[in-house]
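Structure at a glance
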Amino acid sequence: MTQPVPAATMKAAWIERYGPPEVITVRETAMPVMGPHDVLIRMRASTVTLPDCAFRAADPFIVRFFAGLLRPKAPIPGGAVAGEIAAVGENVTRFAPGDRVFGTTDPLPSAMAQYVALSEDAPLALMPDALDFGEAAGLTYSFLTAMPFLRDEAKLRPGQSILINGAASSIGTVAVQLARHMGARITAVCSARNADLVSSLGADTIIDRHTSDFTSVSAAYDVIFDVVGKSSYLACKKALKPHGIYLTTTPSFAILWAMIRGKDAQGRRGKLATTGLRPLPDKTKDMLVLSEMVAEGKLRGIIDRVMPLEAIAEAHRYVEKETKAGDVIIEMPR
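Below or above, wherever it landed, is the structure these notes cover. As the structure is a computational prediction, the values presented were derived from the model and not from experiment. Position numbers for residues count from 1 along each chain, tracking the sequence in the order it is written. Given that this is a predicted model, residues contribute local features only at a pLDDT of at least 70 and side-chain atom pairs are listed and counted only at 80 or more, while totals for whole chains, interfaces and linings are drawn from all residues. Note: side-chain values were computed over all heavy atoms of the structure, leaving out hydrogens and water.

1. A closer look at the overall build of the chain
Our working rule: Helix and strand definitions follow DSSP, with helices as H or I runs of at least four residues and strands as E runs of at least two, each counted in order from the N terminus. Radius of gyration here is computed from C-alpha atoms only, and the compact-globule reference equals 2.2 Å multiplied by the residue count raised to the power 0.38. Relative accessibility decides the category of a residue: with a 1.4 Å probe and only protein chains considered, values under 20% of the type maximum give buried, values over 50% give exposed, and everything between is partly exposed. In what follows, residue pairs with any heavy atoms lying within 4.5 Å of each other are defined as contacts.
When helices and strands are tallied, the chain shows nine helices and 17 strands. A globule of 334 residues ought to have a C-alpha radius of gyration of about 20 Å, and the chain, at 20 Å, matches this closely. Across the 334 residues of the chain, 56% fall into the buried class. A sequence separation of at least 24 residues applies to 68% of the contacts in the chain between residues at least 6 apart.

Rendered as structure tokens:
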């Protein structure tokens, strides 16, 4: 038996067709309907990411195979959740009204709204007391992306060398902190203006992306993590040590072909990991790991700017410039 939400409508970002930031509007839409195992979250903040922009624009074209061939299947964008439990279904035991929670709706976007309904078994966790809603939203997306890449795909070990391309991005700032926690030697590629920030997060060496080509070296890195998808396995292969791995967050036919071909003669390989499609229990476990790391002071969020929901199109436009450092947070109307 479902439980209707008391209010009739809510405000949400809305995308009916692919295109530039102008296609995003803010409209009144129906409130979520809860089931007996669901929680209703009063959203306080979410975040705009480069993947959000890619899915809005259907660029690269390959995203249409995930989001809808002709138009978006899910009109409300966003996956990062940070808010308070407003109501719970009759069978819910994990959470109670008033709990501060953070997590994700991925793989189904719907977070850029005043309310979100999720199963209590969704990737949600209680927020540490010291964490604010903006930081929580940004860390959720970045951690659930960076951690599986570094821990599960790269299997990063103490003493290994890693290059992080896009180290000042939302994923990059978390990846630098995680790589430092894992004991790796970190080379960070970013703009010179962000060098001090990235160094403070744990990078050993900084490469200015505007003046140096990090792919020009030979056999320098065990792992190259291209968090912004601005290079390629082919361009980076020479810079990898034997048995090294190039990781990218950006889907393309080139990386899919590299994965099909597998390792080269020196054991080097390229990999795309669809972290948003991981099993929900795995993401739930990682939300608990994230909560613990934040509570222990091992990880912090980096916020570039905070914008209201009504400025969602402007936020997309700004994120697409790729000049931000950390997260662009969207605050929900109360």
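Having put the structure on the table, let's press on.
2. Quick notes on the packing of helix H3 (residues 133–153) against helix H8 (residues 280–295)
For the record, the criterion: Note on geometry: axes are lines fitted to C-alpha atoms, helical ones only across the stretch in contact, with angles between N-to-C directions running from 0 to 180 degrees. With respect to orientation, any angle under 35 degrees is reported as roughly parallel, any angle over 145 as roughly antiparallel, any angle of 65 to 115 as roughly perpendicular, and every other angle as oblique.
For the pair H3 and H8, the least separation of the axes is 10 Å and the interaxial angle reads 105 degrees. The orientation of H3 relative to H8 falls into the category roughly perpendicular. Of the residues in H8, those touching H3 at Leu-139, Thr-140, Phe-143, Leu-144, Met-147, Pro-148 and Arg-151 are Lys-283, Asp-286, Met-287, Val-289, Leu-290, Met-293 and Val-294.

3. Side note on H8
Counted only if it meets this: One less than the residue count of a helix, multiplied by 1.5 Å, gives the span that helix is expected to have.
Its 16 residues give H8 an end-to-end C-alpha distance of 23 Å, which sits within 8% of 22 Å, the value for a rise of 1.5 Å per residue. Every buried residue of H8 is accounted for by Lys-283, Thr-284, Asp-286, Met-287, Leu-290, Ser-291, Met-293 and Val-294. Each element contacted by the buried residues of H8 is listed here: strand S7 (100–104), strand S9 (124–126), H3 and helix H4 (170–181).

4. Topic: the state of the cysteines
So the rule is basically this: Disulfides are defined as cysteine sulfur pairs within 2.5 Å.
A complete count under the given rule lists zero disulfides for this structure. Of all cysteine sulfurs, the one in Cys-236 lies closest to Cys-190, which takes part in no disulfide; the gap is 16 Å.

5. A short note on the sheet that holds strand S13 (residues 221–226)
Filter applied, for reference: The criterion for strand pairing is that DSSP finds at least two bridges linking the strands in question.
Taken in spatial order, the six strands line up as S12-S11-S10-S13-S14-S15 in an open sheet, and their pairing is parallel. Pairing within the sheet leaves two strands with one partner each, and these edge strands are strand S12 (205–208) and strand S15 (269–272). Mean inter-strand twist for the sheet, computed between neighbouring axes without regard to direction, equals 20 degrees. When strand S10 (residues 161–165) meets strand S11 (residues 185–190), the two strands line up parallel, connected through five bridges. Residue Ile-164 lies in a different strand from S11, and its bridge partner there is Ala-188. Packing of H3 onto the sheet brings it into contact with S10, S13, strand S14 (240–248) and S15, and relative to S14 it is tilted by some 155 degrees. Along the sheet, helix H7 (residues 253–261) makes contact with S14 and S15, crossing S15 at roughly 125 degrees.

6. A closer look at the layout of surface pockets
Keep this limit in mind: Space inside and on the surface of the protein is sampled on a 1 Å grid over the protein atoms alone, with a cavity defined as a set of points where a 1.4 Å probe fits but cannot get out and a pocket as an open set with protein on both sides within 12 Å along at least 5 of 7 lines; lining residues have an atom within 4 Å of a point. Grid points are joined across faces, edges and corners, and a volume is the space filled by probe spheres set on the points. Throughout this entry, Asp, Glu, Lys and Arg are counted as charged residues, while Ala, Val, Leu, Ile, Met, Phe, Trp, Tyr, Cys and Pro are counted as nonpolar. The remaining residues, Gly among them, count as polar.
Quantified by volume, the second largest pocket comes out at close to 350 Å³. In this structure, the second largest pocket is lined by 22 residues; those nearest its centre are Gly-166, Arg-209, Val-228, Lys-230 and Glu-322. By residue class, the composition of the lining of the second largest pocket is eight nonpolar, eight polar and six charged.

7. A few points about unusual backbone geometry
Of note, the amide linkage connecting Asp-106 to Pro-107 takes the cis form, showing an omega dihedral of 15 degrees. For Ala-219, which is not a glycine, the phi torsion comes out positive at approximately 50 degrees. Exposure remark for Ala-219: the relative accessible area of 41% places this residue in the partly exposed category. A positive phi angle is found at Glu-322, which is not glycine, with a value near 60 degrees.

8. Examining the packing of aromatic side chains
Each pair of aromatic rings is reported with the distance of its centres and the angle of its planes. Which entries qualify depends on this criterion: Each pair of aromatic rings taken from Phe, Tyr and Trp, with Trp reduced to its six-membered ring, is defined by centres within 6.5 Å and is described as stacked if the planes are under 30 degrees apart, edge-to-face if over 60, and tilted in the remaining cases. A ring is considered to have a charge above it if a Lys NZ or an Arg CZ atom is located within 6 Å of its centre and within 35 degrees of its normal.
Per the counting criterion, the structure on display carries three aromatic pairs. Judged by centre distance (6.3 Å) and plane angle (40 degrees), the ring pair of Tyr-233 and Tyr-246 falls under tilted. Residue Tyr-233 is located in helix H6 (residues 233–236), and its partner Tyr-246 is located in strand S14; the two are separated by 13 residues in the primary sequence. There is no split in this pair, since Tyr-233 and Tyr-246 are both buried. The ring of Phe-133 has Arg-100 lying over it, and the distance from NZ or CZ to the ring centre is 5.2 Å. In this structure, Arg-305 packs its charged tip against the face of Tyr-318, placed 3.7 Å from the ring centre.

9. Brief notes about the environment of Ile-164
Within the element layout of this structure, Ile-164 appears in strand S10. On the accessibility criterion, Ile-164 (0% relative accessible area) is buried. A sequence separation of 62 residues divides Ile-164 from Asp-226, and the C-alpha atoms of the two residues are 6.0 Å apart. When near neighbours in sequence (up to four residues on either side) are disregarded, Ile-164 contacts Gly-172, Ala-175, Val-176, Ala-179, Ile-186, Thr-187, Ala-188, Val-189, Phe-225 and Val-227.

10. Some points on the packing of helix H1 (residues 50–57) against helix H9 (residues 312–320)
Packed helix pairs are characterised by how far apart their axes lie and by the angle those axes make with each other. Close contact between H1 and H9 brings their axes to 9 Å; oriented N to C, the two are set at 110 degrees. Overall, the two elements H1 and H9 adopt an arrangement that is roughly perpendicular. Between H1 and H9, the contacting residues are Leu-50, Asp-52, Cys-53 and Arg-56 on the first element and His-316, Val-319 and Glu-320 on the second.

11. Description of the pattern of salt bridges
Applied cut-off: One speaks of a salt bridge when a side-chain nitrogen belonging to Lys or Arg is within 4 Å of a carboxyl oxygen belonging to Asp or Glu.
One pass over the full model with this rule turns up 16 salt bridges. Taking the shortest distance from any N to any O, the salt bridge between Glu-84 and Arg-44 comes out at 3.1 Å. Separated by 40 residues along the polypeptide, Glu-84 in strand S6 (residues 80–88) and Arg-44 in strand S5 (residues 38–48) bring together distant segments of the chain. Accessibility expressed as a relative area gives 17% for Glu-84, which makes it buried. We classify Arg-44 as partly exposed; its relative accessible area is 22%. The salt bridge partner of Glu-322 is Lys-230, with a shortest N-O separation of 2.9 Å. Of this pair, Glu-322 sits in the loop between H9 and strand S17 (327–331) while Lys-230 sits in the loop between S13 and H6; the two residues are 92 residues apart in sequence, bridging distant segments of the chain. Assessed through its relative accessible area of 56%, Lys-230 is described here as exposed.

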